[in-house]
Amino acid sequence: QFKEHTLSWTFTPNSAQESVNLVNIIQYFKFNMLPSAAFGGLLLNYPNIAILRLYPNDFFTFKFKPCAIKSVNVDYTPTGQPSFFKRTGAPTSVNLTVNLQEIQYLTKDNYFL
């Protein structure tokens, strides 16, 4: 089986611009997990592939093979209750979870690459 990874972040924007940036991040993940249509919608192309790196240095952790984004989950109530900024209506806290699946096997031949 291909390896699967779940990455999760909790965001707490402090300004209207940070709220807009957060929406853009969420939309970027969702957009890139979707296939595109070909031949008038009769066929689907593969979705985009994610190349992941951990920073500041993934030498001390682990490396990812290229991944497909399987799902993107957004929780607008990570504290248990909804909370929104009065002026903009943007959420004050958001939990973003991205599920990924590698599309290449890790073998002895490519372990140290």
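To be clear, the structure that these remarks concern was listed above.
Starting afresh in each chain, residues are numbered from 1 along the sequence in its written order. Thresholds applied to this predicted model are a pLDDT of at least 70 for local features of residues and 80 or more for the giving and counting of side-chain atom pairs; totals over whole chains, interfaces and linings are not thresholded and use all residues. Based on all heavy atoms of the structure, the side-chain values leave hydrogens and waters out of the count.

Side note on the overall build of the chain
Across its full length, the chain carries one helix and six strands. Helix and strand labels come from DSSP, where a helix needs a run of H or I of at least four residues and a strand needs a run of E of at least two; each type is numbered from the N terminus. The order of α-helices and β-strands along the chain, N terminus first, is β-α-β-β-β-β-β. Relative to the compact-globule value of 13 Å for 113 residues, the chain shows a C-alpha radius of gyration of 17 Å, a clear excess of over 25%. Seen through its principal axes, the chain has C-alpha atoms that stretch 55 × 45 × 25 Å. Pairs at least 24 residues apart make up 65% of the contacts formed inside the chain by residues separated by at least 6 positions. Within these notes, the globule rule equals 2.2 Å times the number of residues to the 0.38 power, and the radius of gyration is based on C-alpha atoms. In what follows, residue pairs with any heavy atoms lying within 4.5 Å of each other are defined as contacts.

Some points on the pairing of strand 5 (residues 67-75)
When DSSP finds at least two bridges between two strands, those strands are taken to pair. By the bridge criterion, two bridges tie strand 4 (residues 49-50) to strand 5 in an arrangement that is antiparallel. The residue of strand 5 that forms the bridge with Ala50 is Cys67. Looking at chain direction, strand 5 and strand 6 (residues 94-102) are connected through eight bridges and run antiparallel. What sits directly across from Cys67, in strand 6, is Glu102.

Quick notes on the nonpolar core
Judged by nonpolar contacts, Leu22, Ile26, Ala50, Leu52, Phe64, Cys67, Ile69, Val72, Val94, Leu96, Val98 and Leu100 together constitute the single largest core of 12 residues. It is strand 6 that provides the largest number of residues to this core, a total of four residues. Apart from residues lying up to four places away in sequence, Leu96 is in contact with Leu7, Ser8, Trp9, Phe11, Ile25, Ile26, Phe29, Val72, Asn73 and Val74. Think of a nonpolar core as a cluster: buried Ala, Val, Leu, Ile, Met, Phe, Trp, Tyr and Cys residues, connected wherever their side-chain atoms sit within 4.5 Å. Each residue gets one of three labels from its accessible area relative to the maximum for its type: buried under 20%, exposed over 50%, partly exposed in between, using a 1.4 Å probe on protein chains only.

So, the environment of Val74
Note on placement: Val74 falls in strand 5. Each C-alpha atom, one on Val74 and one on Lys86, is 21 Å from the other, the two residues being 12 residues apart in sequence. In this structure, Val74 is in contact with Ile26, Lys30, Val94, Asn95 and Leu96, ignoring residues within four places of it in sequence.

Digging into the sheet that holds strand 6
The four strands are arranged 1-6-5-4 in an open sheet whose pairing can be described as antiparallel. Each edge of the open sheet carries a strand with a single partner, namely strand 1 (4-11) and strand 4. Sheet strands in contact with helix 1 (residues 16-33) are strand 1, strand 5 and strand 6, and its direction is about 140° off that of strand 5. All axes are obtained by fitting lines to C-alpha atoms, using only the stretch in contact for helices, and the reported angles, taken between N-to-C directions, cover 0 to 180 degrees.

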